[in-house]
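# An overview of the molecular structure
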Protein chains: 2
Amino acid sequence: MKCRVCGNDAVINLKAYNNALCARDFIAFLENRVLKTIQRYRLIDKDEKPLVAVSGGKDSLSLWYILNRLGFASDGVYIDLSIEGYSSLSLDKVKTMADRIQRRVFIFHLMETLGKGIDKLSRVIKRSTCSACGMIKRYIMNRVCMDRGYNVIITGHNLDDEASALLGNILYWKDEYLWKKGLELKESEGHLSKKVKPLFLCSEREMAAYAILNSIDYIRDECPFSIDAKSLVYKDILNRIEESSPGTKLQFIKGYLKVSRAMKTQRRKDNLDYCAVCGYPASGGICSFCRIMERFGIEGDIRFDEYKPEGLPT
Amino acid sequence: MKCRVCGNDAVINLKAYNNALCARDFIAFLENRVLKTIQRYRLIDKDEKPLVAVSGGKDSLSLWYILNRLGFASDGVYIDLSIEGYSSLSLDKVKTMADRIQRRVFIFHLMETLGKGIDKLSRVIKRSTCSACGMIKRYIMNRVCMDRGYNVIITGHNLDDEASALLGNILYWKDEYLWKKGLELKESEGHLSKKVKPLFLCSEREMAAYAILNSIDYIRDECPFSIDAKSLVYKDILNRIEESSPGTKLQFIKGYLKVSRAMKTQRRKDNLDYCAVCGYPASGGICSFCRIMERFGIEGDIRFDEYKPEGLPT
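Everything quoted here is computed from the prediction, not taken from an experiment. (Residues numbered from 1 in each chain as written. Chains lettered and ligands numbered in written order. Predicted model: local features only at pLDDT ≥ 70, side-chain atom pairs only at ≥ 80, totals over all residues.)

### A short note on the overall build of chain A
Under the convention used in this document: Only DSSP runs of H or I with at least four residues qualify as helices, and only runs of E with at least two residues qualify as strands; both kinds are numbered from the N terminus onward. Radius of gyration here is computed from C-alpha atoms only, and the compact-globule reference equals 2.2 Å multiplied by the residue count raised to the power 0.38. For the exposure call, what matters is how many other C-beta atoms sit within 10 Å of a residue's own: 20 or more marks it buried, 12 or fewer exposed, and in between partly exposed, using C-beta atoms placed from the backbone. A pair of residues counts as a contact when their C-beta atoms, built from backbone coordinates, are within 7 Å of each other.
When its secondary structure is counted, chain A shows twelve helices and ten strands. The C-alpha radius of gyration computed for chain A amounts to 20 Å, which stays within 12% of the reference 20 Å derived for 314 residues, consistent with globular compactness. When its C-alpha atoms are laid out on the principal axes, chain A stretches across 65 × 50 × 40 Å. Out of the 314 residues belonging to chain A, those deemed buried represent 38%. Residue pairs in contact within chain A that sit at least 24 positions apart in sequence constitute 70% of those at least 6 positions apart.

Here it is in structure tokens:
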């Protein structure tokens, strides 16, 4: 198999694009794809200050690396949920990348603020671990973004993540998510930051290849709580279809974007309300995060660490 | 496992309904489900004369049987495509059912009219067998229906057929089919008959059980040309999801109906045009069927046989 660009040995076969590429040309291809996605869907404006939500996994670390290579100077935010044997290891990977690209990262330790890790917390507040984690991450990402003068949160959701979530929403026609959840952007307004996903056209396999080819050291284990059987079933299913019809996942997501735009549904802002305690968006009254703070009798505000690579000016 | 209605031994477990039933109660359940589907979606009006498209398979034969039991007196139409070792066997099953329910059936023999079976014909006109078959069936069903004073064509598409076709249309967002192809009905107008699918909420498994429990002798082999790998992959995939989340297929189809109705798209009639030769609907100029007749230099009209069970008055 030869690289279609330079004729050297190819390292990856991209059936969806009917293409095969060597390491150098694949890296250029993927970075260009991310750039084109950002431009075409207007994900990040030139005057915006982006903040990347980094988990220590291949997608978010690669994305952070790519953005900085593409000239979108971005800092990171990491949320430490105190998952044994997982969180501290992830944080190490994040710091390694921060050093490599010389960008700072804000770190929120759940244990420091609430005295509990996500495991114990979710049992106390009677939510599933994934639901509690999602709620905390959304809140903290938004807080750091707004409090520290950033205006767009960047997450590393890839094509496989988006396609499997979409399939789940469509099988059950979950109206509340289906058409409202744009893949490109939500309006930034009030105290709610815009969120974008520049990897939504890059597959899991492409991202893994990119990380490996760039010697990006990422955490390979899945989160021990991510036994979300359904999304794994959906990913597996979509991979089976992709196998026999390369390009299906891309068409599925791109077609969705077209249709959902045509639906001209109102964005979510309609009922946006603000938390009586922290002043950040809430669906009514006091936000979920502040309710937890109240419940545990925690006073004062939340605190972030800031990790600054050596040699970086203040 | 006990029948939830009468307490006798159950013969089938219906996880999607959280129900288990004995033979008698399952038969009543399924027939009632077809009746409710017809009523709720207004598939057949009381003053309409329905014609069932029968293939010799479990779905169409069971449906024909059920409709006549429910009081919707229906005749049949069978299209003989001269598939070796398949067509004549299917026709036998159709005639057996016609005798059992004492209804007539119109029979179109492709070989008689065009001098070719579907296999050879599709090669000559350079279409896939399935595409040529679909075109001929649509034309002939409509002709028999209109020419013989019927006004609604009934087909035996079941839940699995519809869900897998829908999944295929959604993965590729096939707009031309996606929202326009209502599952319940198309308007009857001009020379185009209405078509309905009263089994669209009954699963393949339920229909097989119904046929067996009623000693309906159907052709078990799939059509030798139906190596439509994709729809089989989709069915298999949906069955996997159904296995872990019973009721998914039903929710998928019912949700679609709700959404597609809300889309308020215009029906197909917009551009309905008529064939210059036969006068039946065509997308423009001469219809595909008449073009084939012309190409082979066949003059005169097409001919149907009529099979009338013994003892049936003329």
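Still more to cover.
### A few points about the confidence of the model for chain A
Here is the rule we go by: One number per residue, pLDDT, summarises how confident the predictor is, and it ranges from 0 to 100.
On average, residues of chain A carry a pLDDT of 89, and 92% of them reach 70 or more. Here the predicted complex scores 0.85 on pTM and 0.79 on ipTM.

### A closer look at the nonpolar core
The cut-off we apply is this: Nonpolar core, as used here: buried Ala, Val, Leu, Ile, Met, Phe, Trp, Tyr and Cys residues forming one set through C-beta atoms within 7 Å.
In terms of nonpolar packing, the biggest core is built from 160 residues, with Val 54, Val 77 and Ile 154 of chain A together with Val 54, Val 77 and Ile 154 of chain B touching the most fellow members. Non-local contacts of Val 77 of chain B, meaning those with residues more than four positions away in its chain, are made with Leu 51, Ala 53, Val 54, Val 105, Phe 106, Met 141 and Val 144 of chain B.

### Considering the packing of helix H7 (residues 159-171) of chain A against helix H11 (residues 248-262) of chain A
Residue and element names in this part refer to chain A. Using the following cut-off: Here an axis means a line fitted to C-alpha atoms, over the contact stretch when the element is a helix, while the angle between two N-to-C directions is reported on a 0 to 180 degree scale. Here the word oblique covers every angle except those under 35 degrees (roughly parallel), over 145 (roughly antiparallel) and from 65 to 115 (roughly perpendicular). It is the rotation of the near helix from the far one that decides the hand of a crossing: anticlockwise by less than a right angle makes it left-handed, clockwise makes it right-handed. Gly is put with the polar residues, along with every residue not named as nonpolar or charged; the nonpolar set is Ala, Val, Leu, Ile, Met, Phe, Trp, Tyr, Cys and Pro, and the charged set is Asp, Glu, Lys and Arg.
Interhelical geometry of H7 versus H11 gives an angle of 65° and a closest axis separation of 10 Å. By the angle between their directions, the pair H7 and H11 is classed as roughly perpendicular. Crossing geometry of H7 relative to H11 is assigned as left-handed. Facing H7, whose interface residues are Leu 159, Asp 160, Glu 162, Ala 163 and Leu 166, H11 presents Lys 249, Leu 250, Phe 252, Ile 253 and Tyr 256. Looking at the contact of H7 with H11, its residues break down into seven nonpolar, no polar and three charged.

### Thoughts on the relation of the copies chain A and chain B
Convention followed: A least-squares fit on C-alpha atoms brings the copies together, and the residues used are those whose pLDDT is at least 70 in both copies.
Rotating chain A by 179° and translating it 0.0 Å along the rotation axis places it on chain B, where the RMSD comes to 0.0 Å. Both chain copies can therefore be described as sitting about a two-fold axis. Considering only C-alpha atoms, the part of chain A nearest the rotation axis is Ile 237 of chain A, at 3.3 Å. A shared binding surface is used by both copies, with 93% of the interface residues of chain A retained as interface residues in chain B.

### Some details on the interface of chain A and chain B
With 15 residues of chain A in contact, the opposing surface of chain B contributes 15 residues. Counting residues per element, the side of chain A that touches chain B draws most heavily on H11 of chain A, at seven residues. Residues belonging to the side of chain A that touches chain B are distributed by class as follows: ten nonpolar, four polar and one charged.

### Brief notes about the packing of helix H1 (residues 23-40) of chain B against helix H9 (residues 204-213) of chain B
Residues and elements named next belong to chain B. As a packed pair, H1 and H9 sit with axes 10 Å apart at the nearest point and diverge in direction by 125°. Taken together, the axis directions place H1 and H9 in an arrangement best described as oblique. Here the hand of the crossing between H1 and H9 comes out left-handed. Along the contact surface, H1 presents Ala 23, Phe 26, Ile 27 and Leu 30, while H9 presents Glu 206, Ala 209, Tyr 210 and Leu 213. The class makeup of the residues in the contact of H1 with H9 is seven nonpolar, no polar and one charged.

### As for the sheet that holds strand E10 (residues 305-307) of chain A
Residue and element names in this part refer to chain A. For clarity, the threshold we go by: Strand pairing is assigned whenever DSSP identifies at least 2 bridges connecting the two strands.
Spatially, the six strands line up as an open sheet ordered E7-E6-E3-E4-E5-E10, and their pairing is mixed. Looking at strand neighbours, the two that pair on one side only are strand E7 (194-196) and E10, the edges of this open sheet. Across the sheet, the mean angle separating the axes of adjacent strands is 30° when strand polarity is ignored. As defined by bridge partners, strand E5 (residues 105-109) adjoins E10 across three bridges and the pair is classed as antiparallel. By the bridge assignment for E10, Ile 107 is matched with Asp 305. Across the sheet, helix H3 (residues 87-101) is in contact with strand E4 (75-80), E5 and E10; its angle to E4 comes to roughly 170°.

### A look at helix H12 (residues 288-295) of chain B
Residues and elements named next belong to chain B. The following threshold applies: Think of it as the arc spanned by the lines of direction from the helix axis to the C-beta atoms.
For H12, every residue scored as buried is listed here: Phe 289, Cys 290 and Ile 292. Along the axis of H12, the buried residues cluster in a sector spanning 155°; they form a single face. H12 presents Glu 294 and Arg 295 as exposed residues on the side facing more than 90 degrees away from its buried surface. Each element contacted by the buried residues of H12 is listed here: helix H4 (110-114) and helix H6 (129-147). Once H12 ends, the next one or two residues include Gly 297, with phi positive near 65°.

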